[in-house]
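# Chains, contacts and geometry: an overview
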Amino acid sequence: MAVCIAVIAKENYPLYIRSLPTQNELKFHYTVHTSLDVVEEKISAVGKSLGDQRELYLGLLYPTEDYKVYGYVTNSKVKFVIVVDSSNTSLRDNEIRSMFRKLHNSFTDVMCNPFHNPGDTIQSKAFDGIVSGMMVQAA
């Protein structure tokens with residue numbers, strides 16, 4: 001399913017980035033970084049409109065030739081970015097939403113750990129296992 005999953009802090013520094021083909025890791029770092037501009041645009045657009053303020057899923061941020069980039073923002077302004085291979089046409093919007101929901105629940109578990117300092121990079125094996133499960137589904 002996913003080829004890259006990233007968790008970005010409120011201040012726009014990465015808390016966690018994992019990509020499946022490790023030889024393209026720098027490319028995915030760049031893709032995630034450039035998607036943050038689109039995330040900020042969508043957040044500010046939602047803030048101006050009188051729509052539902054609780055909608056966390058941002059949807060498709062932008063498609064590229066090879067990948068589709070999706071975004072999600074928590075109430076504490078932590079951003080999740082999932083990069084999916086464009087050739088995967090069977091992936092529907094509700095499946096992406098459930099991936100973000102699962103990622104958000106796992107992230108919440110990490111933040112509830114009393115030994116984790118908020119703002120530090122995520123080094124939880126349980127979180128890593130959830131992310132690996134999302135990435136293995138594609139194989």
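Above this note sits the structure.
I will try to describe carefully the structure that is included in this document. (Residues numbered from 1 in each chain as written. Predicted model: local features only at pLDDT ≥ 70, side-chain atom pairs only at ≥ 80, totals over all residues. Heavy atoms only, no water.)

### Digging into the overall build of the protein
The helix and strand inventory of the protein stands at three helices and five strands. For the protein, the sequential pattern of α-helices and β-strands runs β-β-α-β-β-β-α-α. Taken over C-alpha atoms, the radius of gyration comes to 14 Å for the protein, in line with the 14 Å a tight globule of 139 residues would show. Seen along its three principal axes, the alpha-carbon backbone of the protein occupies a region of about 40 × 40 × 25 Å. Counting every position in the protein, which comprises 139 residues, the buried fraction comes to 40%. For the protein, restricting intrachain contacts to residue pairs at least 6 apart in sequence, the fraction spanning at least 24 positions comes to 54%. Working note: accessible area of the protein is about 8,000 Å², and carbon and sulfur atoms make up 53% of it. (Helix = DSSP H or I, 4+ residues; strand = E, 2+ residues; numbered from the N terminus. Rg over C-alpha atoms; globule rule 2.2 N^0.38 Å. Buried < 20%, exposed > 50% of the residue type's maximum accessible area, 1.4 Å probe, protein only. Contact = heavy atoms within 4.5 Å. Areas by Shrake-Rupley, 256 points an atom, 1.4 Å probe, with all protein chains shown as cover.)

### Notes on the side chain of histidine 104
Here histidine 104 lies in helix α2 (residues 93-111). Setting aside anything within four residues of it in sequence, one finds histidine 104 in contact with Leu56, Tyr72, Thr74 and Phe80.

### Things to note about the nonpolar core
Ranked by internal contacts, the top residues of the largest apolar core, which has 27 residues, are Val7 and Phe127. Within the residue set of this core, elements represented by two or more residues are β1 (2-8), β2 (14-19), β4 (67-73), β5 (79-85), α2 and α3 (125-136). Considering each element in turn, this core owes the most residues, six residues, to α2. If we skip the residues at most four places from it in the chain, phenylalanine 127 touches Val7, Tyr16, Leu103, Ser106, Phe107, Val110 and Ile122. Core analysis: the next-biggest nonpolar cluster, separate from the first, contains 17 residues, Ile8, Val32, Leu61 and Tyr62 among them. (Core = buried A, V, L, I, M, F, W, Y, C linked by side-chain atoms within 4.5 Å.)

### With respect to the pairing of strand β3 (residues 57-63)
Counted residue by residue, β3 has five buried out of seven residues, so it is predominantly covered. In terms of strand pairing, β3 meets β4 through five bridges, oriented antiparallel. The partner of tyrosine 62 across the bridge, within β4, is valine 69. What sits between β3 and β4 in their antiparallel hairpin is a turn of three residues. (Pairing = 2+ DSSP bridges.)

### Here's the deal with the sheet that holds β2
Pairing within the open sheet is antiparallel, and its five strands lie in the order β2-β1-β5-β4-β3. Only two strands of the sheet have a single neighbouring strand rather than two, namely β2 and β3. If you compare each strand with its neighbour and ignore which way they point, the axes differ by 15 degrees on average. On the sheet, α2 packs against β1, β2, β3, β4 and β5 and is oriented at approximately 140 degrees with respect to β5. (Axes fitted to C-alpha atoms, helices over the stretch in contact; angles between N-to-C directions.)

### Overview of the packing of aromatic side chains
On inspection of all chains with the given rule, the structure shows six aromatic pairs. An angle of 20 degrees between the planes, with centres 5.7 Å apart, marks the rings of tyrosine 72 and phenylalanine 80 as stacked. Among the aromatic residues, those joined into a ring-pair cluster are Tyr57, Tyr72, Phe80, Phe100 and Phe107. (Phe/Tyr/Trp six-rings, centres within 6.5 Å; stacked < 30°, edge-to-face > 60°.)

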